[in-house]
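Spelled out from the first residue to the last, the chains are:
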Amino acid sequence: QVQLVESGGGLVPPGGSLKLSCTRSGPIKSTYIACWYRQAPGGQREMVATITTTGNTNYADSVRGRATISQNDQRNTLFLQMSSLKPEDTAVYYCNVREVLFGRREFWGQGTQVTVSS
């Protein structure tokens, strides 16, 4: 019933910016943690940014100062705004939502490719 769909990926030149979106359909618990992960080719999955339902955020050191995670007022869309992009930002970016109470279900999007290259 719950589905996450990412969008906004693509080819971006070094130093450029992009904004990823993750739209949720279907109901989830009111208390959750929403995250962006990324995985470079042949690399391990890396947490990029996290936001709670109360608005608390955390960022990986590799993107701190260059990334902003947010959600819309309806709390059905998650965003990741990135700037000053580097080639090492190239990865598949995944949206993740974890319910932190009760059923504690976890949901993943299909991923969106971000390629930073000239």
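Rules used throughout
Residues numbered from 1 in each chain as written. Predicted model: local features only at pLDDT ≥ 70, side-chain atom pairs only at ≥ 80, totals over all residues. Heavy atoms only, no water. Pairing = 2+ DSSP bridges. Helix = DSSP H or I, 4+ residues; strand = E, 2+ residues; numbered from the N terminus. Patch = residues over 30% accessible without salt bridge, like charges linked within 9 Å, V, L, I, M, F, W, Y side chains within 5 Å. Areas by Shrake-Rupley, 256 points an atom, 1.4 Å probe, with all protein chains shown as cover. Salt bridge = Lys/Arg side-chain N within 4 Å of Asp/Glu carboxyl O. Core = buried A, V, L, I, M, F, W, Y, C linked by side-chain atoms within 4.5 Å. Buried < 20%, exposed > 50% of the residue type's maximum accessible area, 1.4 Å probe, protein only. Contact = heavy atoms within 4.5 Å.

This next bit is on the pairing of strand S3 (residues 18-25). Sheet topology note: the strand S1 (residues 3-7)/S3 ladder contains five bridges and is antiparallel. Bridged to Glu6 within S3 is Cys22. Sheet topology places S3 next to strand S8 (residues 77-82); six bridges connect them, and they run antiparallel. When the sheet's bridge partners are listed, Cys22 is paired in S8 with Leu78.

A surface patch of nonpolar side chains, amounting to about 310 Å² of accessible area, comprises Val100, Leu101 and Phe102. Secondary-structure assignment places Val100 in the loop between strand S9 (91-99) and strand S10 (106-108).

A word on the nonpolar core. In terms of nonpolar packing, the biggest core is built from 29 residues, with Trp36, Ile69, Leu78, Leu80, Met82 and Tyr93 touching the most fellow members. Of all the secondary structure elements, the ones that give two or more residues to this core are S3, strand S4 (32-39), strand S5 (45-52), strand S7 (67-71), S8, S9 and strand S11 (112-116). When sequence neighbours within four positions are dropped, the list of residues in contact with Met82 reads Gly16, Ser17, Leu18, Arg38, Val63, Arg66, Ala67, Asp89 and Tyr93.

What is shown is where atoms sit, not what they do.
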